[in-house]
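# Coordinates in review
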Amino acid sequence: MNRWCRVAGGVAMNLCLGSAYVYSVFLTPLQREFGWSRSQLSVAFTLSIAFIAAGVLIGGRWQDRRGPVAVSLSGAILFSAGIFLSRYTNGLAWLYGCYGVLVGFSSGVGYTCPLSVGMKWFPERRGLVTGIMVMGYGAGGALIAPLAGYLIHRFGWRDTFAILGAGFLLVTVAGASLLRNPPEGWRPRGWSPPAAGYEASRAGGDFLPAEMVRTGVFFRMWLAYAFGTTAGLMVIGHLAAFAQGAGFSARDAAISVGVLSVGNGCGRIASGWMSDHFGRARTLALVMAATALLLLLVSGVVTLSLLFPVVFFIGYCYGSQLAVFPSATADFFGMRNLGNNYGLLLTAWGVAGIIGPMAGGWIFDATRSYATAFRIAALLAVAACAVMATVTAPPPASRGK
C-alpha cells in the first residue's frame, strides 16, 4: 500500500478526534438550559484537555510496545462513545465524565498513532508529514463547528451529540484501519539518513524517557510548550462565547470557531514544512511572538473583517506548536521511544488545558469581559518565545546525566 494512504488514515481519524476544540459551540445552549456559570461549563473543556494529555502519555507507551492498530481502534471506539453519551447530560458530573474524561482520554490515545506512523514512513519530511497528520486534529473544527452550530439550531444540542458520535465512529474506525508501521529497518527508496549534526537526535541518539527528562533541553521545551499553548487555549475555549459577547451573532460566532480551526490546520502544515527548512526552535519562537501580538489585538475587534483574520492567525500559531513540538521531540531525542517521550512533553499541554480555559472562565465571571484574560495570555506567549529562543539540541554527553 502506498505510504500516503497511511497519512490519509491519520488525517481522517484526526478530523474527528479534534472535535474537542468545538466545545465552545455548546456553551451557550448548555448555559441557557441549565443556568450553569461559564466557569462551571469551562471545567468540561479543561478536563478534556488534561485527559487528552494523559491519553497521549498512556497511548504513546502502549503504542511503542504494541504498535498503532490496537491503540488507534480503542481510541476511535471510546471517543465516539463519549461524544454520543454526552447527549444524556442532565448534570455537571455527567458532562464532565463523558465529554471531559472519556472524550478527552480516548482522543489522546488515538492522537499518538498518526504522529508516530507518519514520521516512520516519512523520515525525510518529518515536519511536513507530522503537520499534515495533525492538521486534521485542528482543521476538523472548520467542518465540525459550523455543522454542529447548524445541527444545534435544527435539532438541539442533545441530538447533535448523537449524530456526531455516530458519524465519528464510522470515520475514525476507517482511518484507524490504515495505520500500520513500516517494516523494521525500512527506508524510502534513494534516501539515506542525514549527516550527523542535523538539529537533532543525529547528535544525541535515542534517549530513554528517564534520560530525556533529566536534560535542560526537555525542561525548557516543557515550559515553552506550557506557556505557549496556555495562551492559545484561553481563546479557543471561549471563542464562540467571546464573539457573542462582543456583539456578533451566534452564527458568526460559530463560523469564527471554524475560521480558527482552519488557521489551526494551516499552521500545522505550513509551520511543519517551515521547521524542516529553518529549524524547529526558530519556527516555534516566531509563532509564539506572533501569538502575543494577536492576543493584544483580539479583545478590541468589533467587525467581522477583523475578527476572522485575527482568529485565523491565532489558530495558525497555536496549531504550529502542536505540529512542530512532536518533530522536535523526534529530532532531539530520537524515534525509538517517540510515543513515550512526546507523551511526557505533552503533559505541558495538559497543564495548559487546565490553566487556560478555566482561568478564562474565572476572569470572565469576575470582570464580565475577556480583555484581561487575553492580556495575560499575551504575556505568557512572550515568556514562551523567550524560553524557546534558548533551546538547542542536547549533546550526546547529556544522556544519563
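Every value quoted in this text rests on a predicted model; they were computed, and no experiment measured them.

## Some words on the overall build of the protein chain
For the protein chain, the count of helices and strands is 17 helices and zero strands. Over its C-alpha trace the protein chain gives a radius of gyration of 20 Å, about what one expects of a compact globule, namely 21 Å for 401 residues. For the C-alpha atoms alone, the extent of the protein chain along its principal axes is close to 60 × 40 × 35 Å. Residues classed as buried in the protein chain amount to 58% of the 401 residues present. Taking the intrachain contacts of the protein chain between residues at least 6 apart in sequence as the baseline, contacts between residues at least 24 apart amount to 86%. With an accessible surface of roughly 14,600 Å², the protein chain has 67% of that area assigned to carbon and sulfur atoms. Taking the 28 positively charged and 12 negatively charged side chains of the protein chain as two groups, their mean positions are separated by 2 Å.

## Side note on the nonpolar core
Formed by 125 residues in total, the largest nonpolar core has its most connected members in Tyr23, Met221, Phe325, Tyr342, Trp349 and Met388. For this core, the leading source of residues is helix 14 (residues 304–333), giving 14 residues. If near-sequence neighbours (up to four positions away) are discounted, Phe325 is found in contact with Met221, Ala224, Tyr225, Leu284, Met288, Tyr342, Leu345 and Met388.

## Structural notes on the packing of helix 14 against helix 15 (residues 338–345)
The geometry of helix 14 relative to helix 15 is characterised by a closest axis approach of 10 Å and an angle of 125° between their N-to-C directions. It follows that helix 14 is oblique to helix 15 by the angle criterion. In this structure, helix 14 meets helix 15 at a crossing whose hand is right-handed. Contacts between helix 14 and helix 15 involve Leu322, Phe325, Pro326, Thr329, Ala330 and Phe333 from the former and Leu338, Asn341, Tyr342 and Leu345 from the latter. Its residues placed into classes, the contact of helix 14 with helix 15 shows eight nonpolar, two polar and no charged.

## Quick notes on the confidence of the model for the protein chain
Looking at the protein chain as a whole, its pLDDT mean stands at 85, while 94% of the residues score no less than 70. Summarising per-element confidence for the protein chain, the mean pLDDT is lowest in helix 8 (residues 201–204) (46) and highest in helix 7 (residues 157–176) (93). Counted against residues more than four places away or in other chains, residues 196–203, with its pLDDT under 50, gives 25 contacts. Taken together, the stretch residues 397–401 has pLDDT below 50 and engages in ten contacts with residues farther than four places along the chain or on a different chain.

## A look at the packing of aromatic side chains
Using the criterion set out here, one finds 19 aromatic pairs in the structure. Judged by centre distance (6.1 Å) and plane angle (85°), the rings of Trp157 and Phe161 are edge-to-face. With a gap of four residues between them, Trp157 and Phe161 both fall in helix 7, about one helical turn apart. Taken individually, Trp157 and Phe161 each receive the classification buried, so the pair is uniform in this respect.

## Regarding a nonpolar patch on the surface
A cluster of nonpolar side chains, Phe84, Leu85, Tyr88 and Trp94, forms an exposed patch at the surface whose accessible area comes to about 360 Å². Tracing the backbone shows Tyr88 in the loop between helix 4 (68–85) and helix 5 (92–121). On the accessibility criterion, Tyr88 (41% relative accessible area) is partly exposed.

## Quick word on the side chain of Thr89
Considering the arrangement of structural elements, one finds Thr89 in the loop between helix 4 and helix 5. Looking at Thr89, the relative accessible area reads 0%, which means it is buried. Residues within four places of Thr89 in sequence aside, it is in contact with Phe34, Trp36, Trp94, Leu95, Trp157 and Arg158.

## Description of the side chain of Thr230
The residue Thr230 is located in helix 10 (residues 216–236) in this model. Judged by its relative accessible area of 5%, Thr230 falls in the buried class. Leaving out residues up to four positions away in the same chain, Thr230 has contacts with Ala352, Ile355, Gly356 and Leu380.

## Examining the environment of Gly108
Take Gly108: it is sitting in helix 5. For Gly108 and Phe312, which are 204 residues apart along the polypeptide, the C-alpha to C-alpha distance reads 24 Å. What Gly108 contacts, discounting residues up to four positions off in sequence, is Ile52, Gly55 and Val56.

Criteria and cut-off values
Residues numbered from 1 in each chain as written. Predicted model: local features only at pLDDT ≥ 70, side-chain atom pairs only at ≥ 80, totals over all residues. Heavy atoms only, no water. Helix = DSSP H or I, 4+ residues; strand = E, 2+ residues; numbered from the N terminus. Rg over C-alpha atoms; globule rule 2.2 N^0.38 Å. Buried < 20%, exposed > 50% of the residue type's maximum accessible area, 1.4 Å probe, protein only. Contact = heavy atoms within 4.5 Å. Areas by Shrake-Rupley, 256 points an atom, 1.4 Å probe, with all protein chains shown as cover. Lys, Arg positive; Asp, Glu negative; His and termini not counted. Charge placed at Lys NZ, Arg CZ, Asp CG, Glu CD. Core = buried A, V, L, I, M, F, W, Y, C linked by side-chain atoms within 4.5 Å. Axes fitted to C-alpha atoms, helices over the stretch in contact; angles between N-to-C directions. Parallel < 35°, antiparallel > 145°, perpendicular 65-115°, else oblique. Left-handed = near helix turned anticlockwise from the far one by under 90°. Nonpolar A, V, L, I, M, F, W, Y, C, P; charged D, E, K, R; others polar. pLDDT = per-residue confidence, 0-100. Phe/Tyr/Trp six-rings, centres within 6.5 Å; stacked < 30°, edge-to-face > 60°. Patch = residues over 30% accessible without salt bridge, like charges linked within 9 Å, V, L, I, M, F, W, Y side chains within 5 Å. Salt bridge = Lys/Arg side-chain N within 4 Å of Asp/Glu carboxyl O.

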